[in-house]
Amino acid sequence: MPSLGRDLMLLLALATIWSSSFTVIKVGVEVIPPVTLAMMRITVAAAVLYGWLKAKGHSLPTEPRVWWSFFLIGCLGNAFPFTMINWGEQAIPSGLAAIMVASMPLAALVLGRIFSDEVLNARRLTGVLVGFAGVVYLIGPQELLALGEQAVRQLAVAMAAVLYAVSGILLRKLPKASPLEHGAGVMIMSSVVLIPASLFGDQPWTIDYTGEALAAGVYLGVLPTALATIILITVIASRGVTFVALNNYLIPILGVTWGVLFLDETVTSEAIVALVLIFSGIAIAGTGPTIRKA
């Protein structure tokens, strides 16, 4: 198994990339409907990954069973959750959305034990709960008081986190291949779902696009989708879906970091306490065996 240090660095890279997506989505959905923004994000990622695949001299798999798996993962891990989060962020606070997406490790922990070969024990459960406590502390428990407002949109974001966990389990069950082959295949099948949905539902040729909105779609496709997919598949194969899901705890912390670096914001005592809790949770849940022995 690759070293824990390598996988922690990849986890941090993944969280860094994904942490930027919430702000960029806000820019995009001001102009572009949720389904079309998700379609733009996916088609850009599919083009990037397929071009990268061909440049490396690789080929896409040919087995129909693998492509059926790509379709399921594309729906559950990209097409549906991207659209749901885009729609949810049109109306709910970003802090509340972050808490809901941070529920993914809890879903991954249970589903990974039931449907995969991941370990579920007191140590891992403790780590997940400690990390989640750090996220709630950082964002502020007062955000949870708004849980009744825009309930359907909030439920959509929470369900997106569950779908992420399910797709991670399906990724681990794919036949051995390069992350690039799997990533390109998944994005292609995601596009197959979203392109007709956008054409029939939004009629994207009628949208009055802005340069900022188009740039948001391209950015989301290249970094938080194409590059993040390669990192995601690599770490899931090494450590399992629950370990990867812990990056959701890092995203709010990195949001504070962007504020310090680019907006001259100060680091609060709450952020420091949350940082300690989050990294403690990752350390508790990420060390020791994460996969059950056959």
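Described in the following lines is the structure provided in the data block. (Residues numbered from 1 in each chain as written. Predicted model: local features only at pLDDT ≥ 70, side-chain atom pairs only at ≥ 80, totals over all residues. Heavy atoms only, no water.)

Focus: helix 9 (residues 179-201)
Okay, so step 1: Taking 1.5 Å per residue, 23 residues should reach 33 Å; helix 9 reaches 32 Å between its end C-alpha atoms and fits that length.
Okay, so step 2: Positive backbone phi, approximately 45 degrees, marks Gln-203, located one or two places after helix 9. (Helix = DSSP H or I, 4+ residues; strand = E, 2+ residues; numbered from the N terminus. Expected span 1.5 Å × (residues − 1).)

Things to note about the pattern of salt bridges
Okay, so step 1: Counting across every chain of the model gives 1 salt bridge.
Okay, so step 2: One salt bridge in this structure joins Arg-6 and Asp-7, with 2.6 Å as the shortest N-O distance.
Okay, so step 3: Among the residues examined, Arg-6 registers a relative accessible area of 35% and is labelled partly exposed. (Salt bridge = Lys/Arg side-chain N within 4 Å of Asp/Glu carboxyl O. Buried < 20%, exposed > 50% of the residue type's maximum accessible area, 1.4 Å probe, protein only.)

With respect to a nonpolar patch on the surface
Okay, so step 1: A grouping of Val-48, Trp-52, Val-218, Val-222, Leu-223 and Leu-227 is seen on the molecular surface, where their side chains present a nonpolar patch of about 410 Å² in accessible area.
Okay, so step 2: Elements with a contribution of two residues or more to the nonpolar patch: helix 3 (34-55) and helix 10 (211-239).
Okay, so step 3: Tracing the sequence through the fold places Trp-52 in helix 3.
Okay, so step 4: Taking the relative accessible area as the measure of exposure, Trp-52 reaches 33% and is therefore partly exposed. (Patch = residues over 30% accessible without salt bridge, like charges linked within 9 Å, V, L, I, M, F, W, Y side chains within 5 Å. Areas by Shrake-Rupley, 256 points an atom, 1.4 Å probe, with all protein chains shown as cover.)

With respect to the nonpolar core
Okay, so step 1: With 54 residues, the main nonpolar core has Leu-14, Leu-49, Leu-171 and Leu-232 as its most contacted residues.
Okay, so step 2: Those residues in contact with Leu-232 that sit more than four places away from it in its chain are Leu-14, Trp-18, Leu-171 and Val-244. (Core = buried A, V, L, I, M, F, W, Y, C linked by side-chain atoms within 4.5 Å. Contact = heavy atoms within 4.5 Å.)

A closer look at helix 3
The α-helix advances 3.6 residues per turn, and as a result positions three or four apart in sequence lie on the same side.
Okay, so step 1: Here helix 3 is 22 residues long and its end C-alpha atoms lie 32 Å apart, about the 32 Å a rise of 1.5 Å per residue gives.
Okay, so step 2: Within helix 3 the residues assigned to the buried category are Pro-34, Thr-36, Leu-37, Ala-38, Met-39, Met-40, Arg-41, Ile-42, Ala-45, Ala-46, Leu-49 and Leu-53.
Okay, so step 3: In this structure, the buried residues of helix 3 make contact with helix 2 (21-29), helix 4 (64-88), helix 9 and helix 10.

Some details on the packing of aromatic side chains
Okay, so step 1: With the rule as written, the count across this model stands at 2 aromatic pairs.
Okay, so step 2: Ring plane angle 20 degrees and centroid distance 5.5 Å describe the contact between Trp-68 and Phe-71, whose orientation is recorded as stacked. One end of the pair, Trp-68, and the other, Phe-71, are both in helix 4, 3 residues apart, so they sit about a helical turn from each other.
Okay, so step 3: Taking relative accessible area as the criterion, Trp-68 reaches 53% and is therefore assigned exposed.
Okay, so step 4: Assessed through its relative accessible area of 25%, Phe-71 is described here as partly exposed.
Okay, so step 5: Note that Arg-41 overlies the ring of Phe-82, its terminal NZ or CZ placed 3.8 Å from the centroid. (Phe/Tyr/Trp six-rings, centres within 6.5 Å; stacked < 30°, edge-to-face > 60°. Lys NZ or Arg CZ within 6 Å of the ring centre and 35° of its normal.)

Considerations on the side chain of Asp-7
Okay, so step 1: Among the structural elements, Asp-7 can be located in helix 1 (residues 4-19).
Okay, so step 2: The class of Asp-7 is buried, set by a relative accessible area of 0%.
Okay, so step 3: Engagement of the side chain of Asp-7 in a polar contact is seen with the side chain of Arg-6, the distance being 2.6 Å.
Okay, so step 4: Looking at Asp-7, its side chain comes within polar contact range of the side chain of Ser-238, at 2.6 Å. (Polar contact = N/O pair within 3.5 Å; in protein donor to acceptor, adjacent residues only side chain to side chain.)

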